[in-house]
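Topology and contacts: notes
Given next are the chains, with one letter for each unit.
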Amino acid sequence: MEINKKYKIWDIIEYALGLITVIILFSFVHLNMSYELRDPDIWLHLKTGEYIVNNRGVPNTDIFSSTISGKEWINHSWLVQVIYYLVFRFGGVDNLIFVSAITVTLAFLFLFLSVYGQHKYLIINTAVLFITIMASKIRFNIRPENFSILFLSLYLFILTKHIRKKWVYLLPLIQLAWVNSHGFFILGPLTLGIFILAEKAKRIPIFANKAQDIELQDTDSYKNLVCVLLLTLLVSFVNPYGYKGALYPFKIIFTCIGKSSIFYDYIEELLPSWHFFKMASYYYLLIILSLSVSLLNFKKINLAYFLLWLLSLGASLRVNRNIIYFNFFAFLVAVDGLAKGPNNKRFNFVEDFFGKSLRFLKYILNFIIAIVLISWSLKQNYSILTSRYYIFEENRTKSALLGIAAKGYPDKATDFILEKDLPGNIFNQFNYGSYLIYRLYPKKRVFIDGRTELYGEKFFKDYEKILSINKEAINDTFKRYDINTVLLGESGLNLGSISSYFFKSPDWKLVYFDENSLVYLKDITQNKILIG
């Protein structure tokens, strides 16, 4: 009796440490999502949201570009863009960052709640959560994708914790919001479909005999899942673009299969994950961990988790932007496998031999893990909270949290373009496009921005030729689109660079420069006064 009482005290201490660790880890996620605004694409989303609110409609064609104006545009993130714009308009940039941070924090919370239940695994699950968070940091930013992460975690929470309840009928409502928030809404029906497929496989006699430890759902629950899947597929057509919006993800998937697109060589988030081996080290650790526990518990494996793990692994290895989705599935696989323990009798002799001593050793090990995680997280949180940098132009320091980054956007150059009302169309670099859309539309339109799927591979190749100083491409493209102004993001005039080409060209004159940007104007009669 006294021994059981002693163990109960240890259990309480272990549980308390586990909860403290979880809370501090969630604060770590929130702080990492609270860095100053520096994403290049957020400005496009804010401007589109503004357009939708002011015009009470979602644009069906491009309205922001001078090069592809009028081209059909499937804007799958319109709902998030409206939310972001309204928060930004009435709450400012800090509240926009806060909403984004809360979105991602909630995603990890629901992911953790998907496995939360047995207190004795709390600290181990928290350790796996830590690896998952660190593996996902590569995708921490303000973007509509954050809502895909949240909706996926809600799917997983319902399918793991409430699959036999009427809660599953919330999934079509989640799907309705998802299909109007981000192009990865296809993950909803896919996840649900794999759960149904795994359940069907469990009912096959051959498989059932080999997996006697796997619990079957009752017939009514299974039928409910099939019904919910049909409903989620149906509501996917409820978007401003109808069937085109519902089928949009398949169009993107098919462009990834077969011939390689130029975007997968130049766009950072579309590069293979091995390009970021150092940054993605926790991602590879999560692969090893989840694969190891799957092999050790193969007969007890959760087939739905493993199939999702397998599919998302391939997608994440090919394109690094998919890493965070794999991490969520890998978290479930790892936690499920660790909870079940090795499926081999020869491992049981350790517990039989050491008995109570082993139980005490587990307590000590869990305490060490919790204390290490708490200490590390608190240190990181303090480092983030106190992180500052100096702005020389303004003679002040700024926190790395909240606000807008002091550098990274051509704000002063854009002020100059607006002040002087530079005529004609603008040639701009890829990463500047979204910011220029926010600042210049509707007065001026951009040459290119982050909507790669809209511009297409051929146009991007022509753009790369310009940056590679292909004189024929520069002359032909600038003549075709009547380019009169060039805005570049290089302050140095290194030989061979695109800025050096325009600086030395007799057809162009440098009219503005600062530490971030350069503005060139075409040397023609109409511009003589502006050139001076």
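What you see as residue numbers is a count from 1 along each chain, following the sequence as written. Where totals are concerned, whole chains, interfaces and linings use all residues; where local detail is concerned, this predicted model gives features only for residues with pLDDT of at least 70, and gives and counts side-chain atom pairs only at 80 or more. Only hydrogens and water are removed before side-chain values are computed, so all heavy atoms of the structure are retained for them.

Our next topic: the confidence of the model for the chain. A residue's pLDDT is the predictor's confidence in that residue, given on a scale from 0 to 100. Here the chain shows a mean pLDDT of 85. Residues at 70 or above account for 87%. The contact definition used throughout considers only heavy atoms, calling two residues in contact when any of these lie within 4.5 Å. Confidence drops under a pLDDT of 50 for residues 209-213, and excluding neighbours within four residues, the segment shows three contacts in the predicted structure. When the criterion is pLDDT under 50, residues 491-496 qualifies, and its contacts beyond four places in sequence or with other chains add up to 14 contacts.

Unoccupied space between atoms shows up once a probe the size of one water molecule is rolled over them. Method remark: on a 1 Å grid restricted to protein atoms, a set of points is classed as a cavity if a 1.4 Å probe fits but cannot get out and as a pocket if it is open with protein on both sides within 12 Å along at least five of seven lines; lining residues have an atom within 4 Å of a point. Grid points are joined across faces, edges and corners, and a volume is the space filled by probe spheres set on the points. On inspection of all chains with the given rule, the structure shows three cavities of 30 Å³ or more. Taken as a whole, the largest cavity spans an internal volume of roughly 80 Å³. Considering the residues around the largest cavity, the lining is formed by Val-293, Ser-294, Asn-297, Lys-300, Ile-301, Asn-302, Tyr-305, Phe-306, Val-333, Asp-336, Gly-337 and Lys-340. Sorting the residues of the lining of the largest cavity by element identifies α12 (281-296), α13 (303-318) and α14 (323-340) as the ones contributing at least two each. We count a stretch as a helix when DSSP gives it H or I for four or more residues in a row; a strand needs E for two or more, and each element gets its number in order from the N terminus.

If you trace the backbone, Leu-488 turns up in strand β4 (residues 483-488). It is 6.1 Å that separates the C-alpha atoms of Leu-488 and Asn-428, two residues lying 60 residues apart in sequence. In contact with Leu-488, not counting residues within four places along its chain, are Phe-427, Gln-429, Tyr-432, Ile-498, Ser-499, Phe-502, Asn-516, Ser-517, Leu-518 and Tyr-520.

Before going further, it helps to spend a moment on the nonpolar core. Most often, soluble globular proteins have nonpolar side chains that are buried together. Nine residue types can take part in a nonpolar core, namely buried Ala, Val, Leu, Ile, Met, Phe, Trp, Tyr and Cys, and a core is a set of them joined through side-chain atoms within 4.5 Å. For every residue, the accessible area (1.4 Å probe, protein chains only) is compared with the maximum for its type, and the residue is labelled buried under 20%, exposed over 50%, or partly exposed between those bounds. Judged by nonpolar contacts, the single largest core of 98 residues is most densely connected at Ile-42, Phe-108, Leu-192, Tyr-283, Phe-328 and Phe-331. The element best represented in this core is helix α3 (residues 78-113), accounting for 13 residues. Sequence-distant contacts of Tyr-283, that is, excluding residues within four places in its chain, are made with Ala-135, Ser-273, Leu-313, Ser-316, Leu-317, Ile-323, Phe-326 and Asn-327. Counting residues in each nonpolar core, the second largest holds 44 residues, with Ile-63, Phe-64, Ile-448 and Ile-466 among its members.

On to the side chain of Asn-239, then. Inspection of the secondary structure puts Asn-239 in the loop between α9 (219-235) and α10 (243-256). N or O atoms closer than or at 3.5 Å make up a polar contact, with two conditions inside protein: a donor-capable atom paired with an acceptor-capable one, and, for residues adjacent in sequence, both atoms drawn from side chains. A distance of 2.8 Å separates the side chain of Asn-239 from the backbone nitrogen of Tyr-241, its partner in a polar contact. Once residues within four sequence positions are removed from consideration, Asn-239 is found in contact with Val-179, Asn-180, Gly-245 and Ala-246.

A word on unusual backbone geometry. The omega torsion of the bond from Tyr-441 to Pro-442 falls at 5°, within 30 degrees of zero and hence cis. For Pro-442, the location among the structural elements is in the loop between α18 (433-440) and α19 (452-467). Phi at Arg-56 takes a positive value of approximately 55°, unusual for a residue other than glycine. In this structure Arg-56 comes out as exposed when scored by relative accessible area, which is 80%. Backbone geometry places Leu-402, a non-glycine residue, at a positive phi of 60°. Along the chain, the position of Leu-402 falls in the loop between β2 (396-399) and α17 (411-420).

At a closest axis distance of 10 Å, the pairing of helix α4 (residues 122-136) and α14 adopts a crossing angle of 165°. As far as their axial angle goes, α14 and α4 are roughly antiparallel. As for how α4 packs across α14, the hand of that crossing is right-handed. Residues Ile-124, Asn-125, Val-128, Leu-129, Thr-132, Ala-135 and Ser-136 of α4 lie in contact with α14, whose contacting residues are Ile-323, Ile-324, Asn-327, Phe-331, Ala-334, Val-335 and Leu-338. Under the grouping applied here, Gly and all other residues not named as nonpolar or charged are polar, the nonpolar ones being Ala, Val, Leu, Ile, Met, Phe, Trp, Tyr, Cys and Pro and the charged ones Asp, Glu, Lys and Arg. Within the contact of α4 with α14, the residues separate by chemical class into ten nonpolar, four polar and no charged. Throughout, an axis means a line fitted to C-alpha atoms (over the contacting stretch in the case of helices), and angles, computed between N-to-C directions, take values from 0 to 180 degrees. Throughout this description, any angle smaller than 35 degrees is read as roughly parallel, any larger than 145 degrees as roughly antiparallel, any in the 65 to 115 degree range as roughly perpendicular, and the remainder as oblique. Note on convention: near helix rotated counterclockwise from far helix by under a right angle means a left-handed crossing. Clockwise means right-handed.

For two strands to count as paired, DSSP must find a minimum of two bridges between them. Relative to β2, strand β1 (residues 388-391) runs antiparallel, the two being bridged by four bridges. By the bridge assignment, Tyr-389 is partnered in β2 with Lys-398. In this antiparallel pair of consecutive strands, β1 and β2, the connection spans four residues, and Asn-395 shows a positive phi of 55°.

Moving on, we come to the packing of aromatic side chains. Any pair of Phe, Tyr and Trp rings, taking the six-membered ring for Trp, is counted once the centres come within 6.5 Å. Such a pair is stacked with planes under 30 degrees apart, edge-to-face with planes over 60 apart, and tilted for the rest. Per the stated rule, a full pass over the model turns up 43 aromatic pairs. For the ring pair Phe-147 and Phe-151, a centre distance of 6.2 Å and an interplane angle of 50° mean the geometry is tilted. Within this pair, Phe-147 and its partner Phe-151 are both found in helix α5 (residues 145-161), separated by four residues, close to a single helical turn. Any Lys NZ or Arg CZ found within 6 Å of a ring centre and within 35 degrees of that ring's normal is scored as a charge over the ring. Taking NZ or CZ as reference, Lys-47 lies 5.7 Å from the ring centre of Tyr-438, over its face. Positioned above the aromatic ring of Trp-73, the side-chain terminus of Arg-451 is 4.6 Å from the ring centre.

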